[in-house]
Amino acid sequence: MKADEKSKTKSKRGFEEIGRIERKEYDKLKRRAIKFEVTNRQYILVIPCDGEMGWCEMSEHSALIYKYMVCLPLGVPVTMTDDYDSFYIQYDIGRIRTRGFDVVRDRLKKVGLYKDEVEKERCVIFELKNILTDKELLKLRNEEEARQLAANNIVKVTFVDPILYQKLIEVATRLHRICYRRMDKLSSATNGERMVTLMDEAVRVYYRIAECGKNRPEELLPYWREMRKKVHELLVELQIVAGLKLWTRENCTKIGESVLDIQERIDKQIKRGTSHIKR
């Protein structure tokens, strides 16, 4: 076969060549993609997700790179979505879906990032010319998370304590995911459900504080104390989870530190309200 014929064959991995993909196979590919993306700095991994219609998807770091370094520079509208319809296996950042592998390849070439590609188990891994640093990836992730947060804010509630609000949402989101993805069924239905409920209630109290508007600090004290109680109970639950080794030490430490930061900011608000009463 001539070189140009080989190139033509390689470039025709379209809808029909993806073939039918069963749910079990898709879940398997998805698990591998999640594991791959943790250290991915130089690739865009595209997996088939609906063979009959030719749909493929990329997730996590691959999706961030594709959106912010490929599509947006080309002026191509693309949306990163969550996959909350998948109960047990969920992406942390999100996913982007497209029709066939050819679209991704063509766009990579247009922006000058395409280096090579390899096909493995019906997936295509596109290699980029540049290796991104952790700092560059973090910047892309922060930008995407800010966009998602703004899109989810039906009511503006950040004027009370924007940093506290951001931390509450981050912990709540993380708990919702790992309490169902990284726990056995019994622990998820007991320990996990209690933690998720406590965090949701803490966020709910924040919304109530936001609705109070510019009330005097002392008038908000009951709300801040209620929120602190929820957060303290959450810390106790985390101690139980850590003691039973239901999560890895890394997960316990990461969430625990975030919750302690939240508690510290709440304590400052309580101190502020108390000082106003003493005047």
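Counting of residues starts from 1 at the beginning of each chain's written sequence and follows it residue by residue. Residues qualify for local features only when their pLDDT is at least 70, as the model is predicted, and side-chain atom pairs are given and counted only at 80 or more; totals for whole chains, interfaces and linings, by contrast, use all residues. Only heavy atoms go into the side-chain values, all of them from the structure, while hydrogens and water stay out.

1. Thoughts on the confidence of the model for the protein chain
Okay, so step 1: Residues with a pLDDT of 70 or more make up 84% of the protein chain, whose mean pLDDT is 83.
Okay, so step 2: Each residue gets a pLDDT score, which is the predictor's confidence in that residue and runs from 0 to 100. By definition, residues are in contact when any of their heavy atoms lie within 4.5 Å. Between residues 1–16, whose pLDDT stays under 50, and residues either more than four places distant or in other chains, the model counts 22 contacts.

2. Some words on the packing of aromatic side chains
Okay, so step 1: Any two rings among Phe, Tyr and Trp, with Trp reduced to its six-membered ring, count as a pair given centres within 6.5 Å; such a pair is stacked if its planes are under 30 degrees apart, edge-to-face if over 60, and tilted if neither. Under the counting rule described, the total for this entry stands at four aromatic pairs.
Okay, so step 2: Taken together, a centroid distance of 6.2 Å and an interplanar angle of 55° make the contact between Tyr165 and Tyr207 tilted. Here the residue Tyr165 occupies a position in helix H7 (residues 162–181), and Tyr207 occupies one in helix H8 (residues 185–211), the gap between them amounting to 42 residues.
Okay, so step 3: Its relative accessible area of 2% is what places Tyr165 among the buried residues.
Okay, so step 4: In this structure an aromatic cluster arises from ring pairing among Tyr165, Tyr206 and Tyr207.
Okay, so step 5: The rule is short: NZ of Lys or CZ of Arg within 6 Å of the ring centre and within 35 degrees of the ring normal puts a charge over the ring. Directly above the aromatic system of Tyr91 lies the positively charged group of Lys30, at a separation of 4.7 Å from the ring centroid.
Okay, so step 6: One cation-aromatic arrangement involves Lys109 over Tyr114; the distance from NZ or CZ to the ring centre is 5.0 Å. What counts as a helix is a DSSP run of H or I of at least four residues, what counts as a strand is a run of E of at least two, and both are numbered from the N terminus. Burial classification: accessible surface area is computed with a 1.4 Å probe over protein chains only, and a residue below 20% of its type maximum counts as buried, one above 50% as exposed, and the rest as partly exposed.

3. A closer look at the pairing of strand E4 (residues 114–120)
Okay, so step 1: Two strands qualify as a pair provided DSSP detects at least 2 bridges between them. Bridge analysis of E4 against strand E5 (residues 123–128) gives six bridges, and the strand direction is antiparallel. For Val118, the partnering residue across the bridge sits in E5 and is Ile125.
Okay, so step 2: Linkage of E4 to E5, two consecutive antiparallel strands, is achieved through a turn of two residues, within which Glu121 is found at a positive phi near 50°.

4. Observations concerning the side chain of Arg105
Okay, so step 1: Residue position: Arg105 is located in helix H5 (residues 101–110).
Okay, so step 2: Residues adjacent in sequence count toward polar contacts only when both atoms are side-chain atoms; beyond that, a polar contact is any pair of N or O atoms within 3.5 Å, and within protein one must be able to donate a hydrogen and the other to accept it. Side-chain polar atoms of Arg105 contact the side chain of Asp102, separated by 2.7 Å.
Okay, so step 3: Engagement of the side chain of Arg105 in a polar contact is seen with the side chain of Glu117, the distance being 2.7 Å.

5. Quick word on the nonpolar core
Okay, so step 1: Take the buried Ala, Val, Leu, Ile, Met, Phe, Trp, Tyr and Cys residues and link them wherever side-chain atoms come within 4.5 Å; each set so joined is a nonpolar core. Ranked by internal contacts, the top residues of the largest apolar core, which has 37 residues, are Leu168, Leu175, Met199, Met227 and Trp247.
Okay, so step 2: Listing elements by their share of this core, those giving two or more residues are H7, H8, helix H9 (221–244) and helix H10 (249–278).
Okay, so step 3: Every residue in contact with Leu168, bar those within four places of it in the chain, is listed here: Met199, Ala202, Val203, Tyr206, Met227 and Ile262.
Okay, so step 4: Ranked by size, the runner-up nonpolar core spans 27 residues in total, among them Val46, Val76, Phe101 and Leu108.

6. Section: unusual backbone geometry
Okay, so step 1: At Glu121, a position not held by glycine, the phi torsion is positive, near 50°.
Okay, so step 2: In this fold, Glu121 is placed in the loop between E4 and E5.
Okay, so step 3: In this model, Arg122 sits at a positive phi of 70°, which is unusual for a non-glycine residue.
Okay, so step 4: When you line up the elements, Arg122 lands in the loop between E4 and E5.

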